[in-house]
Amino acid sequence: MKTLTFKGADGNALNIVDFGGAGKPPVLLIHGGAAHAHWWDFVAPPLAQTHHVLALDQRGHGDSAWMQEWGYGTRHYVADIRTVIETWGLGSAILIGHSMGGHNVMCYSGLHSETLRGMVVIDSPPSYPDHAVAMLRELAERPSRRFDSEAEAIAGFRTIPADTIATREVLDHVAQHSFRQAADGKWEYKSDRRTMMREPMKAWDGLKLLKCPALFLKAEKSVLKEGLAERMVAVMPQGRLEVVPNSHHHVLLDNPSGLAAALRVFLDELG
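Keep in mind that this is a model prediction, so the values were computed, not measured.

Quick look at unusual backbone geometry
Line of reasoning, step 1. With an omega dihedral of -5 degrees, the bond running from Ile 160 to Pro 161 counts as a cis peptide bond.
Line of reasoning, step 2. Tracing the sequence through the fold places Pro 161 in the loop between α5 (150-155) and α6 (168-176).
Line of reasoning, step 3. Despite not being glycine, Ser 99 shows a phi value in the positive range, around 55 degrees.
Line of reasoning, step 4. The class of Ser 99 is buried, set by a relative accessible area of 17%.
Line of reasoning, step 5. Non-glycine residue Asn 246 carries a positive phi angle of around 50 degrees.
Line of reasoning, step 6. Note that Asn 246 resides in the loop between β11 (239-244) and α9 (251-254).

With respect to the sheet that holds strand β9 (residues 187-189)
Line of reasoning, step 1. Pairing within the open sheet is antiparallel, and its three strands lie in the order β7-β9-β8. In the strand order of this sheet, the two ends are held by β7 (146-147) and β8 (179-181), each with one partner.

Digging into helix α3 (residues 100-112)
Line of reasoning, step 1. Helix length check: α3 (13 residues) gives 18 Å between terminal C-alpha atoms against 18 Å at 1.5 Å per residue, within 8%.
Line of reasoning, step 2. By the criterion of burial, α3 is predominantly enclosed, with twelve of the 13 residues buried.
Line of reasoning, step 3. For α3, the complete set of buried residues consists of Met 100, Gly 101, Gly 102, His 103, Asn 104, Val 105, Met 106, Cys 107, Tyr 108, Ser 109, Gly 110 and His 112.
Line of reasoning, step 4. In this structure, the buried side of α3 is in contact with β3 (26-30), α2 (74-87), β5 (93-98), β6 (116-122), α7 (204-207) and α8 (228-235).

What counts as what
- Residues numbered from 1 in each chain as written.
- Predicted model: local features only at pLDDT ≥ 70, side-chain atom pairs only at ≥ 80, totals over all residues.
- Heavy atoms only, no water.
- Helix = DSSP H or I, 4+ residues; strand = E, 2+ residues; numbered from the N terminus.
- Buried < 20%, exposed > 50% of the residue type's maximum accessible area, 1.4 Å probe, protein only.
- Pairing = 2+ DSSP bridges.
- Expected span 1.5 Å × (residues − 1).
- Contact = heavy atoms within 4.5 Å.

Right, dumping it as structure tokens:
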């Protein structure tokens, strides 16, 4: 595993974790809101046996740069994905995203699916209702929690939404990559709080235009409304739906081996 630095659409520095597999077909993993590339650490290694697997820290997340002026709408994330794929020199990608990252993947794919060999979306909505956008803005305006030590920060780590059956090992590992020490000695989240201020795009129209095979993976205990995933897959020209068992919304933490197995089947089908 190594880290790479790319430039985003606005010249912003983007951190990418490279899990190996150079020379094989590329896979780009996109994490969810308030998360980071290391959320994929328990999913990516099995995929790197047959693919070149890279995970992006989206702008304002993980070890990627924060934006001086607010720039965290879906259009900004989509522009970064396009810039990375255009400049990385690896050719057409298989794009995989979870939650907010899956929404960004859908919106990118609806505009640029000719650059992809396949698309996978994990428990993500095609659009955000106004009340959800308002709730996230309210969260963004609250001060971020700060901790006196790294151990206290790791112990205080929580997912949003909170429902998870992830093991303590997985949660502690993710937490270890979620905080940095500030100049005053306190430990604080790496993510820019302003990333929760969303200007989401709607993915519905783009899903009808997809030119690549698509897989929608739904958590067994999904946050999506009943029937929504089925409606989304129905409009995709080459889409299908599968459910990952033993998982809440944070599938890649709750059941990483089950998620990796489902992805493995799809990747093998793409050749």
